[in-house]
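Observations on the model geometry
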Amino acid sequence: MTVSEPSGYGPEDYRFPELYVEGGESSKCVWVDEARGRYLRRPCEGCVKLCLIPYEEAWMKVVDPLRAEIVRRAAVVIPWEDYRALYLRPGVKVKLVEARGVDVSHVGFEGERVRERSVLAYILTGKGETRTLRAGEKGIVALILTDFSVAPPRYTYTLIPEEDAVWLEPGQ
C-alpha cells in the first residue's frame, strides 16, 4: 500500500514571510534600492543592506513597543504578495494590537490592508469563550510578532498607517 500526499497541498502552502533588518547578521541578505523602489538579492551601489533575522528577534531591533514606532530599517518579504516587500522605515508610528488566549486563530496576515472593524484573530479564552480581535484603526499589517516567553504565547500585530507603507518590488 502506498501513502500519497493529500491532494491540493504542496510546498507552496508552507511559505512564510521573511524579515530582513539593517545591521542584522546573516549570510542571507537583500539590498534595497530606495530610489527605484525595489530590493535585490545581490549588492548594489548606494543600496541599503538588510539581513535575515528570526521574527522573534524583531522586538527592540525593529519595533520599540514603548514608543510604538519603527526604530530600524527592515523589509518584510511576503510570499502571498508575489514576494513584494513591505519596507519599514525608522520613525514611523505603529499601532500594536495584542492577541493572547488559550488558542489564537489568525485571520489577518502580513501585507493585508485593514480597517477599524477588520478581524485580525479569533481568540479562545480560558473560560471557553471565543473573542473577536479587531484592528481598531486603518492600516497595513506589517508584522505579527510572537512572544513565547509567556504562557499562553502573546501575538502582537504591528499595523503601519497606509500613507507610510512603502512596497518594494523584487529586482534582478
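Residues numbered from 1 in each chain as written. Predicted model: local features only at pLDDT ≥ 70, side-chain atom pairs only at ≥ 80, totals over all residues. Heavy atoms only, no water.

Take the side chain of D33 next. When you line up the elements, D33 lands in strand β2 (residues 29-33). D33 has contacts with R38 and C47, leaving out every residue within four places of it along the chain. (Helix = DSSP H or I, 4+ residues; strand = E, 2+ residues; numbered from the N terminus. Contact = heavy atoms within 4.5 Å.)

In this section: the state of the cysteines. For the coordinates displayed, the defined rule picks out two disulfides. Paired through a disulfide, C29 and C51 show a sulfur-sulfur distance of 2.2 Å. Given an S-S torsion of about 90°, the disulfide between C29 and C51 has right-handed geometry. With a gap of 22 residues between them, C29 in strand β2 and C51 in strand β4 (residues 48-53) connect regions that are remote in the sequence. Sequence-ordered numbering of the bonded cysteines in the protein chain gives a disulfide pattern of 1-4, 2-3. (Disulfide = S-S within 2.5 Å.)

For the rest of this paragraph, the subject is the pattern of salt bridges. What the rule picks out here adds up to 14 salt bridges. Notably, a salt bridge pairs K28 with E18, separated by 2.9 Å at the nearest N-O pair. Here E18 lies in strand β1 (residues 18-22) and K28 lies in the loop between β1 and β2, a separation of 10 residues in the sequence. R154 serves as the salt-bridge partner of D147, at 2.9 Å between the closest nitrogen and oxygen. A relative accessible area of 21% means that R154 is categorised as partly exposed. Within this structure, D64, R67, E69 and K93 form a network of salt bridges that share partners. (Salt bridge = Lys/Arg side-chain N within 4 Å of Asp/Glu carboxyl O. Buried < 20%, exposed > 50% of the residue type's maximum accessible area, 1.4 Å probe, protein only.)

Counting residues in hydrophobic clusters, the biggest one holds 22 residues, and the most contacted among them are L19, V62, L86, L88, L143 and I160. Counting only elements with at least two residues in this core, the list comes to β1, β7 (74-78), β8 (84-88) and β14 (139-147). Per element, the largest residue contribution to this core is four residues, and it comes from β14. Ignoring anything within four residues of it in the chain, the contact list for L143 reads L19, Y55, V62, V63, V76, L88, E110, T156, Y157 and T158. A99, V114, A121 and Y157 belong to the second-largest nonpolar core, a separate cluster that totals 14 residues. (Core = buried A, V, L, I, M, F, W, Y, C linked by side-chain atoms within 4.5 Å.)

A word on the packing of aromatic side chains. Within a pair of aromatic rings, the relevant descriptors are the distance that separates the centres and the angle that separates the planes. Under the definition given, this model contains one aromatic pair. Each ring, one from W80 and one from F109, has its centre 6.2 Å from the other, and the planes form 70°; the classification is edge-to-face. Of this pair, W80 sits in the loop between β7 and β8 while F109 is found in the loop between β10 (103-106) and β11 (113-114), placing the two residues 29 residues apart along the sequence. Judged by relative accessible area, F109 falls into the partly exposed class, the value being 37%. Lying across the ring of W167, R84 places its NZ or CZ 4.2 Å from the centre. (Phe/Tyr/Trp six-rings, centres within 6.5 Å; stacked < 30°, edge-to-face > 60°. Lys NZ or Arg CZ within 6 Å of the ring centre and 35° of its normal.)

What follows concerns the pairing of strand β16 (residues 166-170). Across two bridges, the pairing between strand β3 (residues 38-40) and β16 is parallel. Bridging from a neighbouring strand, Y39 pairs with P170 of β16. Sheet topology note: the β8/β16 ladder contains three bridges and is antiparallel. Residue pairing for β16: Y87 is matched across the bridge by V166. (Pairing = 2+ DSSP bridges.)

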